Amino acid sequence: MPPVIDTEKCIGCGLCAEICPMMVFRHKPEESDTPQVLYGDECWHCNACVLDCSQGAIRLRLPLPYMILNTDAANLKG
Amino acid sequence: MKEDIREYSADVLVVGGGIAGLMAAIAAAEEGASVILAEKANTKRSGSGATGNDHFLCYIPEKHGADMQPILREVLDSMVGLCHDKDNTRRFLQESFEVVQLWNEWGIAMRPHGDWEFMGHAFPGRPRVWLKYDGHNQKPALTAKAKSCGVEILNHLPVVDLCSDESGICGALAMDVRGDDPEFVFLRAKTVVLATGSANRMYSPAGTPGWMFNTAFCPSCTGAAQAQAWRIGANLVNMELPNRHAGPKYFSRAGKSTWIGVYRYPDGRPLGPFVTEATKEYGDITCDVWNSAFTDLMLDGRGPAYLDCSGTSPEDLEYMRWGMRGEGLTALLDYLDEKKIDPGKRAVEFMQYEPHLIGRGLEIDIDGQTSLPGLFAAGDMVGNFRGDIGGAAVYGRIAGRQAARLAGGRSMPTSGAAAEWRKNRSEYYLSYLGQGSHDAGWREANLALHQICNDYIAAGPHRVRSATLLKAGMEYLEQLRANIRQEVRVANSHELLRLIEVLDLMDCAEVIFHSAGERKETRGMHIRSDFSFTNPLLSDKFLLVCKSPQNSEVSFKWRSIRN
């Protein structure tokens, strides 16, 4: 589900959990350095976590239903 | 739960830390008021402007000329123009340039290419009113400014109820959601500014039913202000007039006019009469005007409808990409890149998204005050003025300033005020905690609400409302309320917040049921099968609705639109 954290790159700062508008992460340093993606299906794909992660450790995996429908523009003719 | 509820107090309480809320807080603090701002998530990245915006509605005399009248007309003819008391719109335009300049000073690039630049959302030959700016850092920049003014920002502290007593508004109950266990907090204040944004997740996402967070606007914005103000008797306005946004299918995102292309039928003919080649100056405004185009074309079989950027110049395609970054569409750009979808070569199908509340809600006066003294509102949840980001910024400032001035003449509610009320309300919410394996969760409640809204307060095109449908739907809504009360239990503060959001959305739906019944005509996407005409006698009127907190009686009032 949307945010995917690269545990190799994550430094456990918890910024993603702090700023996510949907609060999809849970960060409990005493349990795990890397925040958990606990409510991934509530992601709004706003990309705030991706943009703000100083380590570039987060990417979004968009669910299959979110596909952007597209076609070759040259096909738009009678 | 602790015996004593923690309290904060300040002259002015701002509810919600989006664009309007931060601007209100800054303005109130600059007036010398003490200010607390309670925010559901974190003001650095919350709300529909979380990661940016690129169009700021405004009037800049040096670019538009000394006569504001043509600009006012342009705003009222635009996609945000349906529900305006014109005195609000005029006040907004008059103060808009000052706010643009302030944002620029505060580090938001309002003229990223050197001069004030108006682009997009425009008819050929008409004045352009949307300032193109780079808002990628607008939330961190406004947060920093608010802190520097002394605003106390309380993050992860959503307000769940407003408190009023015989002397008027006196504060709010909020819920600390930082830990697994919710903690209730009372926020005492002399005046309150509501700024909780639009209301999403009331209807199923039109493209991806079941994926309820795939919404064009922030799905954490769930009509809290409309619902809370309704519960204490404030006037709401225009709630029955549906709004539906449009954008790429199936990836829901606001920002359709950042795309620079031509809307086309599958055979290549343009949908609209405005442009045959799109440029950054005009784009294609067709779907601002023909709002239902994408639905119409699907349902009559002429579709699908595409946005075709293949005729756009390479320079303008680069400009479009830049605009998308400023608007916060970076997830969209990442996805296009990852899937190798080049908008210069691939036409993208567009669709009309589900109804939501934006520019529908609280009635405000010229200073942003609601019908309840001391209670102000600004931003997407105002029902008689809409200006999106620019509107939120400017009216947030107006409302915050006025709330501070009014607070100056009021006394602080006493510590421990409304003790019984806050105890009752917090116990009510806490009674939903304690999920067992056989209990329903908040998701079931939200999905059940979707069904009722989709079927019984449907929005056009091609879907109707009627007295019999509304009456039936209202009864089902009450049945759902009872079922939720009995069957829904949640596990922690996060889930309780989601449930409270659904309860707020149900109150918003209730308001729509009432006001849709009272509007006995067809107007826009409010289509009454039993009143299939638009009544010119109602064209210059607004429908106000409120519920008495004493006896729950709902009353309506038609009033003239202010000029």
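Per chain, residue numbering runs from 1 following the sequence as it is written. For this description, chains carry letters from A and ligands carry numbers from 1, given in the order in which they are written. Local features in a predicted model are, by the rule used here, given only for residues with pLDDT of at least 70; side-chain atom pairs are given and counted only at 80 or more, and totals for whole chains, interfaces and linings are based on all residues. Note: side-chain values were computed over all heavy atoms of the structure, leaving out hydrogens and water.

Now for the interface of chain B and chain A. Whether two residues are in contact is decided by their heavy atoms: any pair within 4.5 Å suffices. Opposite the 58 residues of chain B that make contact, chain A presents 37 residues. Defined here as a combined quantity, buried area equals the accessible surface (1.4 Å probe) lost by two parts on assembly, summed across both. Of the roughly 4000 Å² buried where chain B meets chain A, counting both sides, 59% is carbon and sulfur surface. Salt bridges, as used here, are contacts in which a Lys or Arg side-chain nitrogen is within 4 Å of a carboxyl oxygen on Asp or Glu. On the surface where chain B and chain A come into contact, there are seven salt bridges. When the shortest N-O distance is used, the salt bridge between B:R498 and A:E42 registers 2.7 Å. Polar contact is the term for a pair of N or O atoms within 3.5 Å; when the atoms are in protein, one must be able to donate a hydrogen and the other to accept it, and sequence-neighboring residues count only if both atoms are side-chain atoms. Taken together, chain B and chain A are joined by 28 residue pairs in polar contact (both at pLDDT 80 or more). Secondary structure elements follow DSSP: runs of H or I of four or more residues count as helices, runs of E of two or more count as strands, with numbering from the N terminus. Of all the secondary structure elements, the ones that give two or more residues to the side of chain B that touches chain A are β12 (306-308), α10 (330-338), β13 (346-356), α13 (442-456) and α15 (493-518) of chain B. Sorting elements by how many residues they give to the side of chain B that touches chain A places α10(B) first, with six residues. Any residue that is not Ala, Val, Leu, Ile, Met, Phe, Trp, Tyr, Cys, Pro, Asp, Glu, Lys or Arg is counted as polar, Gly included; the first ten are nonpolar and the last four charged. Looking at the side of chain B that touches chain A, its residues break down into 23 nonpolar, 18 polar and 17 charged.

Moving on, we get to the pattern of salt bridges. Side chains that differ in charge, positive against negative, can pair when their charged atoms come close. Residue and element names in this part refer to chain B. Taken as a whole and judged by the stated rule, the model has 55 salt bridges over all chains. With a shortest N-O distance of 2.9 Å, D367 and R91 are connected by a salt bridge. You can see D367 sitting in the loop between β14 (361-362) and β15 (375-377) and its partner R91 sitting in helix α4 (residues 86-105), a full 276 residues away along the chain. The salt bridge involving E427 is made with K423; its shortest N-O contact spans 3.4 Å. Taken as a pair, E427 and K423 lie in helix α12 (residues 419-430) at a separation of four residues, close to a single helical turn. Of the residues examined, K423 reaches a relative accessible area of 45% and is grouped as partly exposed. Linked by salt bridges that have partners in common, D161, R231, R425, E478, R481, D504, D507, E510 and K547 make up one network. Think of it in three bands: residues with accessible area under 20% of the maximum for their type are buried, residues over 50% are exposed, and the middle band is partly exposed, with areas taken using a 1.4 Å probe on protein chains only.

Let us now look at the side chain of B:K249. Mapped onto the elements, B:K249 comes out in the loop between β10 (243-248) and β11 (262-264). With near-sequence residues (within four places) excluded, B:K249 lies in contact with A:M67, A:I68, A:L69, B:M298, B:E349, B:F350 and B:M351.

Attention now goes to unusual backbone geometry. All names here are of chain B. Backbone torsion omega between G303 and P304 reads 0 degrees, so that peptide bond is classified as cis. Here P304 shows up in the loop between α8 (293-299) and β12. Residue G460 is joined to P461 through a cis peptide bond whose omega torsion reads 0 degrees. Structurally, P461 can be placed in the loop between α13 and α14 (467-487). Despite not being glycine, H156 has its phi angle at roughly 55 degrees, a positive value. When you line up the elements, H156 lands in the loop between β5 (152-154) and β6 (159-165). Even without glycine at this site, R201 takes up a positive phi of about 70 degrees.

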